[in-house]
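Fold and geometry: a report
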Amino acid sequence: MGSSLLARKIEKRPGKVRLRGRILFLTEDPDLIKKQLAGWDLPWDTNASARNPKLRDDISTDEITPAHCCFYFDRTLGEIPYVGLRCGDTLPIGRGDVKKGGFVCSVSGKRRGKGSSREQSPYAEMCAGIQFAIAENIERIYKQNCQNLGLLTSTDFSLIDRIRGGEEIALSEFTAGEDEITRQVIEYGGLFPFNVARMQGKVFLPPIKTQARAMTLAEKIFAAHMISAEPETAELRSAGRAGSPVPTRSVKPGDTGFTRVDLRFSHEYVTPMAAIFYEQYVGKDVPVNDASSIRFFRDHLTFLDEVISEEKKKMGLLDLATQLKLKQAEFARQQGIKLHGELADRKGSEGICHSVMLESYALPGQVNVGSDSHTPHVGAIGCIAFGIGTTDLFNSWITKDVRLKVPESVKIVIRGKRHPNVTAKDFILKILSLDYVRSGKALAKVMEYAGEAVEALSVDERATMTNMAAEIGGFTGIVAPDEKVIEFLVERRGMKRAEIEKMCEGLESDPDAEYAQVIELDAAEITPMVATPGDPGNGKYIRELNARVPIEIAYGGTCTAGKNEDMDMYAAVLADALKQGKRVSKNVEFWIQFGSQETREYSKRRGYIEIFEKAGARVLEPSCGACINAGPGVSTRPEQVVISAQNRNFPGRSGPGQMYLASPLTVAASAVAGYIVEYEPSKATVVS
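In this report, we go over the structure that sits alongside the text. (Residues numbered from 1 in each chain as written. Predicted model: local features only at pLDDT ≥ 70, side-chain atom pairs only at ≥ 80, totals over all residues. Heavy atoms only, no water.)

1. Quick notes on the packing of helix H26 (residues 564-579) against helix H27 (residues 597-605)
Contact geometry of H26 with H27 gives a least axis separation of 9 Å together with a crossing angle of 40°. Here H26 runs over H27; the crossing is right-handed. Counting all contacts with H26, which are made through Asn564, Met567 and Asp568, the residues of H27 involved are Thr599, Tyr602 and Ser603. A breakdown of the residues in the contact of H26 with H27 according to their chemical character gives 2 nonpolar, 3 polar and 1 charged. (Axes fitted to C-alpha atoms, helices over the stretch in contact; angles between N-to-C directions. Helix = DSSP H or I, 4+ residues; strand = E, 2+ residues; numbered from the N terminus. Left-handed = near helix turned anticlockwise from the far one by under 90°. Contact = heavy atoms within 4.5 Å. Nonpolar A, V, L, I, M, F, W, Y, C, P; charged D, E, K, R; others polar.)

What follows is the structure, encoded as structure tokens:
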């Protein structure tokens, strides 16, 4: 790897930027967007914001590049940015519109780029001509993906006038306030050229000089994994090893560097694009750094053919999806990387990446990275895990580390005892509804969950909360490992208790550790919740719904709700219904999908599959499926109401219908009732 990269010519981008082109304002009013696409330039008063039209907030990466658009992994993506952008009931932007419009800048409101970590989104914007994104605040992974690709971002709306005036803007205005490493990444035009410059000795990591201090759990793990800032030898650089962890260092929020990672994984949505980047920039026959610590998964699109429309088939999208699988398998074979693929004897996958990582690989105190925003799933056993984009991923194959700015931590303490029909999903929906989260204050922070109610949760249930740190917009989620984690690893992995106990030593926050915010909740005050359609933050207690909400589809599954204990919950509700002589409502399709083959076998041993089928639920092999509009359980009509235990209900993510998010208990009870209802084991769950 070393010789070709060490000889490569790498230079910084020019110190001044002049953007020549138009600005696209992504407004709530679809007609204003259509007029801009037709050639009209929307007036914007940077000195009187109240006069300006309302910008769209919460634009997710699902809207920038809907799931089916991500079957492309080349510059074809430039035809499709914002085709999923919803303004009311309207999708104002069509294929090719942005590219044809000559836009160089895109402007939106709060929380731009929330949701999936897919780097196809900023890459699609770049390929359409967008060089600069402005928003009130920007989600961490999306922003880092922009930086890694060379797309400029800012929250400074005064730049609008300067762009329109054709003014030269100093690159330093885009790096102001950024840490030293991010500044250099922007100056070099992206992460790969920066890393090559780093290997060549042109840039060095800033030293971390933090003195010994009380640290949070996350800070302790980062401290043990940060890369030394000492200049490396040419031998180390040529081997692709840009430093070594320094386990005795203290860190504080804002410290920057690269963290060595223990495990790296990706799935078929991202691996092919990363592989293309790797082969293009590094070389097709160059081995990755430590293939034994990399895992690939075929888990997203195994049921796509059952739900993809004839129109999309005619567009060749099903064939493109097949190419994703083939490219990943080819790269895995060439590099000797373990691939958890499709089943040989039936339709489905070995398991969803997050499920398998928790069951089989992640360990307390590790740093894991994955090509998916729900990578924090494994924080349930006390490791740091976070999602990264395509460029970060392929760079990690070279260096075995990733760029890091030590984040602040938020401690969420849930005290007391929960009600029997309340689950971890209800806890996280409550957290997502808090003003602190909805206003964006939790963005890019570690969510550390604690308190008696959290400690009472199983590892599977804790994983629901760490998984959905992604919906908070957090850096990751984590729970300090305890006896339940030890028992989980002994039972699931067959590990020795003494070995696990040693791993867990010291993995707790210091009593006087500093937090950006401490949020305290009383479990007794939380009752079963739903998130109403449009956003996971639209949390509401079921008993506060103004009217009965009939449903047509109920879905239990995905990484968030396809674990062993989730199956316990579906089975408990359906067994209870069967005892009452009830089944799934005749008006409802109820799908239950396992997160892994391990969970399927668990359900088989416990007799759950028989209960599911007898009650009228339909069982599916593991896959991300309906959660990404790629499997049974998706809606097909805008007026169709779905209740789902998955993690996201962004517009269009799982079909055109109206999706409510809820716990496995609520989903199963609602499937039996035919409308959204709390599960009450002591009462009938359906109206006679």
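Next comes the rest of the description.
2. Observations concerning the sheet that holds strand S14 (residues 409-415)
Spatial strand order, S16-S15-S14-S17: 4 strands in an open sheet with parallel pairing. With partners counted over all chains shown, the strands left at the sheet margins are strand S16 (476-478) and strand S17 (517-522), one partner each. Strand-to-strand twist across the sheet, computed as the mean angle between neighbouring axes with direction ignored, equals 20°. Relative to strand S15 (residues 446-450), S14 is paired through 5 bridges, and the arrangement is parallel. Residue pairing across strands places Lys411 opposite Glu448, the latter belonging to S15. The strands touched by helix H18 (residues 424-432) within the sheet are S14, S15 and S17, with S14 carrying the most contacts at an inclination of about 130°. (Pairing = 2+ DSSP bridges.)

3. Points about the packing of aromatic side chains
Evaluated as defined, the whole model comprises 21 aromatic pairs. For the ring pair Phe192 and Phe394, a centre distance of 5.6 Å and an interplane angle of 35° mean the geometry is tilted. With a gap of 202 residues between them, Phe192 in helix H10 (residues 191-199) and Phe394 in helix H17 (residues 390-399) connect regions that are remote in the sequence. Given a relative accessible area of 7%, Phe192 falls into the buried group. The buried category is assigned to Phe394, whose relative accessible area is 1%. When the centroid spacing of 5.9 Å and the interplanar angle of 55° are considered together, the rings of Phe296 and Trp397 count as tilted. In this pair, Phe296 sits in strand S9 (residues 294-297) while Trp397 sits in helix H17, placing the two residues 101 residues apart along the sequence. For Phe296, a relative accessible area of 0% corresponds to the buried category. Grouped by ring-pair contacts, the aromatic residues Tyr123, Phe192, Phe277, Tyr281 and Phe394 constitute a single cluster. Looking at Arg198, its charged tip hangs above the ring of Phe258, at a distance of 4.0 Å from the centre. (Phe/Tyr/Trp six-rings, centres within 6.5 Å; stacked < 30°, edge-to-face > 60°. Buried < 20%, exposed > 50% of the residue type's maximum accessible area, 1.4 Å probe, protein only. Lys NZ or Arg CZ within 6 Å of the ring centre and 35° of its normal.)

4. Section: the side chain of Arg298
Within the secondary structure layout, Arg298 lies in the loop between S9 and helix H14 (310-314). Here Arg298 falls in the buried class, since its relative accessible area comes to 8%. Reaching out from Arg298, the side chain makes a polar contact with the side chain of Glu268 at a distance of 3.2 Å. Look past the residues within four positions of Arg298 in its chain and what remains in contact with it is Glu268, Ala321, Lys325, Gln328, Leu339, His340, Gly341, Glu342 and Ser349. (Polar contact = N/O pair within 3.5 Å; in protein donor to acceptor, adjacent residues only side chain to side chain.)

5. A look at helix H11 (residues 217-225)
With 7 of 9 residues buried, H11 is to be regarded as a mostly interior element. What H11 keeps buried is the set Leu217, Ala218, Glu219, Ile221, Phe222, Ala223 and His225.

6. Brief notes about the pairing of strand S20 (residues 553-556)
Side chains Ile553 and Tyr555 of S20 all project onto a buried face; the interleaved residues Ala554 and Gly556 project onto the opposite face, where all are buried too. Taken together, the 3 bridges between S20 and strand S23 (residues 641-644) define a ladder with parallel strand orientation. The residue bridging Ala554 from the neighbouring strand is Ile643, located in S23.

7. Description of the environment of Thr464
One can find Thr464 in helix H21 (residues 459-467). The exposure class of Thr464 is buried, given its relative accessible area of 2%. A C-alpha to C-alpha distance of 9.6 Å links Thr464 and Val378, two positions 86 residues apart in sequence. Excluding residues that lie within four positions of it along the chain, Thr464 makes contacts with Ala424, Lys425, Thr560 and Lys563. At 2.9 Å, the side chain of Thr464 and the side chain of Lys563 are in polar contact.

8. Things to note about the environment of Lys400
Structurally, Lys400 is set in the loop between H17 and strand S13 (401-405). Residues Lys400 and Thr271, spaced 129 residues apart in sequence, show a C-alpha to C-alpha distance of 16 Å. Once you skip the residues sitting within four places of it in the chain, Lys400 turns out to touch Thr259, Arg260, Val261, Arg264, Asn289, Asp290, Ser293 and Asn395. Within the local environment of Lys400, its side chain forms a polar contact with the side chain of Asp290, the two groups lying 2.7 Å apart.

9. As for the nonpolar core
General note: in soluble globular proteins, nonpolar side chains tend to be found buried as a group. Grouped together as the largest cluster of nonpolar side chains are 80 residues, with contacts concentrated most on Phe222, Tyr278, Leu301, Phe386, Phe394 and Trp397. Ranked by the residues each element gives to this core, the list is headed by H10, at 6 residues. Once you skip the residues sitting within four places of it in the chain, Phe394 turns out to touch Phe192, Ala274, Phe277, Tyr278, Tyr281 and Val282. (Core = buried A, V, L, I, M, F, W, Y, C linked by side-chain atoms within 4.5 Å.)

10. Describing H26
In a regular helix each residue adds 1.5 Å, so 16 residues correspond to 22 Å; H26 covers 22 Å between its end C-alpha atoms and thus fits that length. Inspection of H26 places Asn564, Asp566, Met567, Met569, Tyr570, Ala571, Val573, Leu574, Asp576 and Ala577 among the buried residues, and these make up the whole buried set. (Expected span 1.5 Å × (residues − 1).)

11. Describing the pattern of salt bridges
Should the charged atoms of two oppositely charged side chains come close, the side chains can pair. Tallied over the entire structure, the rule returns 53 salt bridges. Arg298 is the salt-bridge partner of Glu342, the closest N and O atoms lying 3.4 Å from each other. Of the two residues, Glu342 is situated in the loop between strand S10 (338-340) and helix H16 (353-361) and Arg298 in the loop between S9 and H14; the sequence distance between them amounts to 44 residues. On the basis of relative accessible area, Glu342 is assigned to the partly exposed category, the value being 34%. With a shortest N-O distance of 3.3 Å, Glu598 and Arg492 are connected by a salt bridge. One end of the pair, Glu598, is in helix H27; the other, Arg492, is in helix H23 (residues 483-493), and 106 residues separate them in sequence. Members of the salt-bridge network, linked through shared partners, are Asp345, Arg346, Arg600, Glu601 and Glu621. (Salt bridge = Lys/Arg side-chain N within 4 Å of Asp/Glu carboxyl O.)

12. Let's talk about the packing of helix H13 (residues 271-281) against H17
One can describe the packing of H13 onto H17 by two numbers: an axis separation of 9 Å at closest approach and a directional angle of 55°. One element, H13, and the other, H17, form an angle in the oblique class. Judged by the twist between their axes, the crossing of H13 over H17 is right-handed. Counting all contacts with H13, which are made through Thr271, Met273, Ala274, Ala275, Phe277, Tyr278 and Tyr281, the residues of H17 involved are Thr390, Thr391, Leu393, Phe394, Trp397 and Ile398. Residue composition of the contact of H13 with H17, by class: 10 nonpolar, 3 polar and no charged. (Parallel < 35°, antiparallel > 145°, perpendicular 65-115°, else oblique.)

13. Concerning the sheet that holds strand S8 (residues 263-267)
The sheet built from 5 strands is open, its strands ordered S10-S9-S8-S11-S12 with parallel pairing. Pairing within the sheet leaves two strands with one partner each, and these edge strands are S10 and strand S12 (384-387). Neighbour to neighbour, the strand axes of the sheet diverge by 20° on average, direction disregarded. Relative to S10, S9 runs parallel, the two sharing 3 bridges. Note that in S10 the partner of Arg295 across the bridge is Lys338. Across the sheet, helix H15 (residues 317-335) touches S8, S9 and S10, and the angle it forms with S9 is around 155°. Along the sheet, H17 makes contact with S8 and S9, crossing S8 at roughly 140°.

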